[in-house]
Each structure stands twice: as C-alpha cells, then as structure tokens.
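Residue-level structure breakdown
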Amino acid sequence: MKVILQAGRRYILRFDRGEEILELLRGFCAEKNFRSGYFSAIGAVGKVILMHYDPDTKKYSEKVFEQKLEIANLSGNLSWHEEKPYLHAHGAFSDEEMKCWGGHIKEAVVAATCEMFLIRTDGEVNRKFSDEIGLNLLK
C-alpha cells in the first residue's frame, strides 16, 4: 500500500496486486492512531470473501470468489474496538458479464489496483457488543 497524497485529514491510498486491502488499511490506521473515519474505493480484486449476517440466527454466512472482479463499490467506516482499529466494510463486485455480488467484506485481495480515499474524522468512535443483535455496534 502506498500513500499517494495526504492533505490534512484526507488520504489517497493505492493498493497493489496481491495486497489484502482490509489488513493493510487496518495496519495503517493503527500505525497512524486514527480513532474514526470512513473510506471509499474502486479497483479490481482476484479474491474476495463476502459475508451476509442473519440477525435472527446471529450468524454470518460467507462465500469466496476467486476470480477477477471489478470493485464496483467498496465503502466503510473506521472505529475502535478492544484497543485496535475496527473496519466495517461493504462492497459490490462485478464480473465480465457485469453480474454483481455484494455484502460485508471479510477479505479482498487486489488483482490489478485499488484506489482508496480515506478521511480521518475528529474524535474517537468505539464499538460495544450487543447481545440483542449479536454484533459490535457503534456506541
């Protein structure tokens, strides 16, 4: 991952082939001690793991896609949980026939490039586990 531009609280990041987007972004946010923010990205992946949460069962199902897909949209937010950055990201990914799949992103490995705009916000946002919902919710 490379920082292409930094202007105040705004960053433009580039992820290269073979890099796992969320892992590197989480590390970058930890290194810079970002406590809250949001991001948006486009590009292409060669592998993505998408998840879907069922609030009735409080369980995720997941599907692995190991093929070249365009990142039609990748967006999310940054908060803090258990003393480390917590990324919540969703995305839509399309194949060569323009069919899309989307959901909560567990993992995304770059096939060509990924261009991300990251905005660090003021203050600290934390998460706390909700027994009722079964997720770490913003508090």
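Our subject is the structure that appears above.
Structural notes, computed from the coordinates. Once a new chain begins, its residue numbering starts again from 1 and follows that chain's sequence as written. A pLDDT threshold of at least 70 governs which residues receive local features in this predicted model, and a stricter bar of 80 or more applies before side-chain atom pairs are shown or counted, although totals over entire chains, interfaces and linings include all residues. To get the side-chain values, all heavy atoms of the structure are used, and hydrogens and water are removed first.

Moving on to the side chain of S79. Within the element layout of this structure, S79 appears in strand β5 (residues 69–81). At 2.7 Å, the side chain of S79 forms a polar contact with the side chain of R127. Apart from residues no more than four positions distant in its own chain, S79 is found in contact with R35, K84, P85, Y86, V125, R127 and L138. Numbered from the N terminus, helices here are DSSP runs of H or I no shorter than four residues, and strands are runs of E no shorter than two. Two N or O atoms count as a polar contact when they lie within 3.5 Å, although within protein this holds only if one can serve as hydrogen donor and the other as acceptor, and sequence-adjacent residues are included solely when both atoms are side-chain atoms. We call two residues contacting when some pair of their heavy atoms lies within 4.5 Å.

Here the focus is unusual backbone geometry. With phi around 60°, N33 is a residue other than glycine that occupies positive phi space. Within the secondary structure layout, N33 lies in the loop between α1 (21–32) and β3 (37–54). Located in the positive-phi region is E83, a residue other than glycine, with phi close to 65°. Within the fold, E83 resides in the loop between β5 and β6 (84–94).

So, about the packing of aromatic side chains. Geometry of aromatic contacts follows a simple scheme: Phe, Tyr and Trp rings, the Trp one being its six-membered ring, pair when their centres are within 6.5 Å, and the pair is stacked under 30 degrees between planes, edge-to-face over 60, tilted otherwise. Throughout the structure, instances matching the rule amount to five aromatic pairs. Plain terms: the ring middles of Y11 and F28 are 5.6 Å apart, the flat faces sit at 80° to each other, and that makes the pair edge-to-face. With Y11 in strand β2 (residues 10–16) and F28 in helix α1, the pair connects residues that are 17 residues apart, well separated along the chain. No difference in accessibility class separates Y11 from F28, as the two residues are buried. The cut-offs for exposure are 20% and 50% of the maximum accessible area for each residue type, with area from a 1.4 Å probe on protein chains only; residues under the lower value are buried, those over the upper are exposed, and the others partly exposed.

Attention shifts here to α1. For a helix, the expected span equals 1.5 Å multiplied by the number of residues minus one. Taking 1.5 Å as the rise per residue, α1 with twelve residues should run 16 Å; its terminal C-alpha atoms sit 17 Å apart, in good agreement. When α1 is considered as a whole, its buried residues turn out to be I21, L22, L25, F28 and C29. Buried residues of α1, viewed axially, fall in a sector of 125°; they line one side. Exposed residues on α1 whose side chains face more than 90 degrees from its buried face are E23 and E31. As for α1, its buried residues are in contact with β1 (2–7), β2, β3, β5, β6 and β7 (100–120). You can read the cap of α1 off the contacts: a side-chain oxygen lies 3.4 Å from the backbone nitrogen of L22, and it is on E20. The positive-phi residue at the C-terminal boundary of α1 is N33, with phi of around 60°. Here, the arc refers to the directions that run from the helix axis to the C-beta atoms.

Coordinates in, geometry out; function isn't part of it.
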